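# Structure at a glance
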Amino acid sequence: MSEYRYCPGCASPLASIEQIEDGGPKTRLRCAVCGFTHWNNPTPVLAAVVECTDRDGMLLLARNVAWPAGASRWITASWRPARRPKEGWRARWRRNALTVDALSLIGVYDFQRLNQVIIAYHAAAHGEVRLSPELAEYRLFKPQDVKCWAGWNGLCVG
Ligand SMILES: [Zn+2]
């Protein structure tokens, strides 16, 4: 996780400054010049367990080019400002040439190690997967062969 050192509003150095908040005094990275507070809110991540309805219900996992070999994980999509999650998903399915017949929310999970909130979906999809530039490979797994990542009970990996 990156450490913020300068104010994004006025470029002054940030400092640990105590201030009264709803819960009482709290020390956070703040800007003494313009009053900016670095809240360190978690980043929302859209993630999907993709069930391939044209492949006997096999699950589609993919590996990002930045990940080591064998580290297949569920499919993610970008959630850009002022857009709805389904717009992020539409872009993902289009890039990977998947047709999604049903998309439903599984749950929302905190992933504190990466300061993320995982918004998890189930996608029933079909089509011939096309790799997009950020994906090194994809693999299909039987649901019973997919296991959860140790240390976090919501993320599936192959
Ligand atoms: Zn500032």
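Here is a short report on the structure shown in this document. Just so you know, these numbers come straight off a predicted model, no measurement behind them.

### Focus on the overall build of the chain
In terms of regular secondary structure, the chain is built from 1 helix and 10 strands. Each helix and strand of the chain, ordered N terminal to C terminal, gives the series β-β-β-β-β-α-β-β-β-β-β. Here the C-alpha radius of gyration of the chain, 19 Å, is well above what a compact globule of 158 residues would show, namely 15 Å. Principal axes of the C-alpha set define a box for the chain whose edges measure 60 × 30 × 30 Å.

### Concerning the nonpolar core
Considering soluble globular proteins, one finds that nonpolar side chains tend to be buried as a cluster. Residues Val50, Leu60, Ile75, Trp89 and Trp93 are the most contacted members of the largest nonpolar core, which totals 17 residues. Elements represented by at least two residues in this core include exactly β3 (43-52), β4 (58-64), β5 (75-77), α1 (85-95) and β7 (116-126). Those residues within four positions of Leu60 in sequence are excluded, and the remaining contacts are Val50, Cys52, Ile75, Leu98, Val129, Tyr138, Arg139 and Leu140. Counting 11 residues, the second largest nonpolar core, distinct from the first, contains Val45, Ala47, Leu59 and Phe111.

### Overview of the coordination of the zinc ion
At the metal site, the zinc ion is ligated by Cys7 (SG), Cys10 (SG), Cys31 (SG) and Cys34 (SG), and these contacts range over 2.3 Å. Classification of the site at the zinc ion as tetrahedral follows from its 4 donor atoms and the range of 99 to 122 degrees in their angles at the metal.

### Re α1
Buried residues of α1: Gly88, Trp89, Ala91, Arg92 and Trp93, and no others. Buried positions along α1 lie against β3, β5, β6 (99-111), β7 and β8 (135-141). Positive phi appears at Ala97, one or two residues downstream of α1, with a value of about 55 degrees.

### So, unusual backbone geometry
For Ala11, which is not glycine, the phi torsion reads 70 degrees and is therefore positive. Structurally, Ala11 can be placed in the segment before β1 (15-21). The phi angle at Ala82 is positive, at roughly 65 degrees, despite the residue not being glycine. Mapped onto the fold, Ala82 is located in the loop between β5 and α1.

### Observations regarding the pattern of salt bridges
The final tally for this structure, using the stated rule, is 6 salt bridges. Of the charged contacts in the structure, one is a salt bridge between Arg92 and Glu134, with a shortest N-O distance of 2.6 Å. Here Arg92 is found in helix α1, whereas its partner Glu134 is found in the loop between β7 and β8, with 42 residues between them in sequence. By relative accessible area, Arg92 is classed as buried at 6%. The class for Glu134 is partly exposed, based on a relative accessible area of 23%. Residues Arg95 and Glu134 are paired through a salt bridge, measuring 3.9 Å at the closest nitrogen-oxygen approach.

What counts and how
- Residues numbered from 1 in each chain as written.
- Predicted model: local features only at pLDDT ≥ 70, side-chain atom pairs only at ≥ 80, totals over all residues.
- Heavy atoms only, no water.
- Helix = DSSP H or I, 4+ residues; strand = E, 2+ residues; numbered from the N terminus.
- Rg over C-alpha atoms; globule rule 2.2 N^0.38 Å.
- Core = buried A, V, L, I, M, F, W, Y, C linked by side-chain atoms within 4.5 Å.
- Buried < 20%, exposed > 50% of the residue type's maximum accessible area, 1.4 Å probe, protein only.
- Contact = heavy atoms within 4.5 Å.
- Donors = N, O, S within 2.8 Å, 3.2 Å for Na, K, Ca; no water.
- Tetrahedral: all angles 85-135°; square planar, octahedral: opposite > 155°, others 65-115°.
- Salt bridge = Lys/Arg side-chain N within 4 Å of Asp/Glu carboxyl O.

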